[in-house]
Amino acid sequence: GLAGAAAQDLPPPQFHGVLLPAAPAAPVGGAPAGYGFADGDTQRYEGLFSSYDTDGDGYITGNEAVALFSQSGLDRAALRDIWNLSDVDKDSKLSRAEFAVAFHLIVCVSKRGMPVPAALPAPLAEYVRHGGAAGGGGG
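One structure accompanies this document, and this report is about it. Small disclaimer: the values here were computed from a predicted structure and weren't measured. (Residues numbered from 1 in each chain as written. Predicted model: local features only at pLDDT ≥ 70, side-chain atom pairs only at ≥ 80, totals over all residues. Heavy atoms only, no water.)

So, unusual backbone geometry
Where we set the bar: A run of DSSP states H or I qualifies as a helix once it reaches four residues; a run of E qualifies as a strand once it reaches two. Both are numbered from the N-terminal end. Exposed residues in this analysis have more than 50% of their type's maximum accessible area, buried residues have under 20%, and partly exposed residues fall in between, with area computed by a 1.4 Å probe over protein chains only.
Phi at K90 takes a positive value of approximately 55°, unusual for a residue other than glycine. Tracing the backbone through its elements, the reader meets K90 in the loop between α3 (76-86) and β2 (93-95). Overall, K90 belongs to the exposed group, its relative accessible area being 55%. Despite not being glycine, S92 shows a phi value in the positive range, around 60°.

Some words on the side chain of E98
What counts, and what does not: Just so you know, the count uses Lys and Arg for positive and Asp and Glu for negative, and it drops His and the chain ends. By definition here, a salt bridge exists when the distance from a side-chain nitrogen of Lys or Arg to a carboxyl oxygen of Asp or Glu is within 4 Å. By definition in these notes, contact holds between two residues if any of their heavy atoms fall within 4.5 Å.
One can find E98 in helix α4 (residues 96-112). Among buried Asp, Glu, Lys and Arg side chains, E98 stands out as unpaired, with K90 the closest opposite charge at 8.1 Å. Sequence-distant contacts of E98, defined by excluding residues within four places in its chain, comprise S86, D87, V88, D89, D91, K93 and V128.

Quick look at the layout of surface pockets
Put simply, the rule is: Points on a 1 Å grid, built from protein atoms alone, make a cavity when a 1.4 Å probe fits but cannot get out and make a pocket when they are open with protein on both sides within 12 Å along at least 5 of 7 lines; residues with an atom within 4 Å of a point are the lining residues. Grid points are joined across faces, edges and corners, and a volume is the space filled by probe spheres set on the points. Nonpolar residues are Ala, Val, Leu, Ile, Met, Phe, Trp, Tyr, Cys and Pro. Charged residues are Asp, Glu, Lys and Arg, and all others, Gly as well, are polar.
Approximately 190 Å³ is the volume found for the second largest pocket. Taken together, G62, A65, V66, F69, S70, R76, L79, R80 and W83 make up the full set of residues lining the second largest pocket. If you list the elements that add at least two residues to the lining of the second largest pocket, you get α2 (62-69) and α3. A class-by-class count of the residues in the lining of the second largest pocket yields five nonpolar, two polar and two charged.

Here's the deal with the pattern of salt bridges
Taken as a whole, this structure holds two salt bridges when the rule is applied. For R44, the salt bridge identified is with D41, shortest N-O distance 3.1 Å. A residue pair is termed a helical-turn pair when its members lie 3 or 4 positions apart in one helix, as R44 and D41 do in helix α1 (residues 41-52) at three residues. We classify R44 as partly exposed; its relative accessible area is 33%. The buried category is assigned to D41, whose relative accessible area is 2%. E126 is the partner of R129 in a salt bridge, and the nearest nitrogen-oxygen pair spans 2.6 Å. Of the two residues, R129 and E126 both sit in helix α5 (residues 122-129), three residues apart, roughly one turn of that helix. Judged by relative accessible area, which is 60%, R129 ranks as exposed.

Quick word on the packing of aromatic side chains
Put simply, the rule is: Between 30 and 60 degrees the pair is tilted, below 30 it is stacked and above 60 it is edge-to-face, where a pair is any two Phe, Tyr or Trp rings, Trp via its six-membered ring, whose centres lie within 6.5 Å. Distance and angle both matter: a charge sits over a ring if NZ of Lys or CZ of Arg is within 6 Å of the ring centre and within 35 degrees of the ring normal.
Inspection of the entire model under this criterion finds six aromatic pairs. Between F37 and Y45, the aromatic rings sit 6.0 Å apart at their centres with planes inclined by 55°, giving tilted as the arrangement. Taken together, the ring pairs in this structure connect F37, Y45, F49, F69, F99, F103 and Y127 into an aromatic cluster. The lysine or arginine in question, K93, covers the ring of Y59, its NZ or CZ lying 4.4 Å from the ring centre.

A short note on the nonpolar core
Filter applied, for reference: We call a set of buried Ala, Val, Leu, Ile, Met, Phe, Trp, Tyr and Cys residues a nonpolar core when their side-chain atoms join them within 4.5 Å.
Counting residues in each nonpolar core, the largest one holds 33 residues, and the members touching the most others are F69, F99, F103 and L105. Among the secondary structure elements, those contributing two or more residues to this core are α1, α2, α3, α4 and α5.

Thoughts on the environment of D75
Which entries qualify depends on this criterion: Think of a polar contact as two N or O atoms within 3.5 Å of one another; within protein, one of them needs to be a possible hydrogen donor and the other a possible acceptor, and neighboring residues in sequence only count if both atoms come from side chains.
Note that D75 resides in the loop between α2 and α3. Among the polar contacts listed, one links the side chain of D75 to the backbone nitrogen of A78, at a separation of 2.8 Å.

Rendered as structure tokens:
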């Protein structure tokens, strides 16, 4: 007999469904409360990337991103700033790593009340430079 379809289309992610670790009340040691990824963040963002990269070319275009990012409730100016920070190579599309950075910044700003940074924070820039999830081993 035919097995039932195991992989069904998942509903689009809702921003308010993203569980975030509680931010500390005050930054520790004087450093700004980090824009760095928490454990598990990047896997979640990269999983979202796969569901939004509808043509499977490894990039998300502006139109694809706007549909998702606008769900965050941030205004277009903030989203544009985040896009510009995240699109490190300025090719007007986001790679998997760039998308993870953009999504993470949106979460920081919309959920944690953090400002849009003036420049890409070091841990995020480092992540993009390495092309995605840090750590050895293949997929």
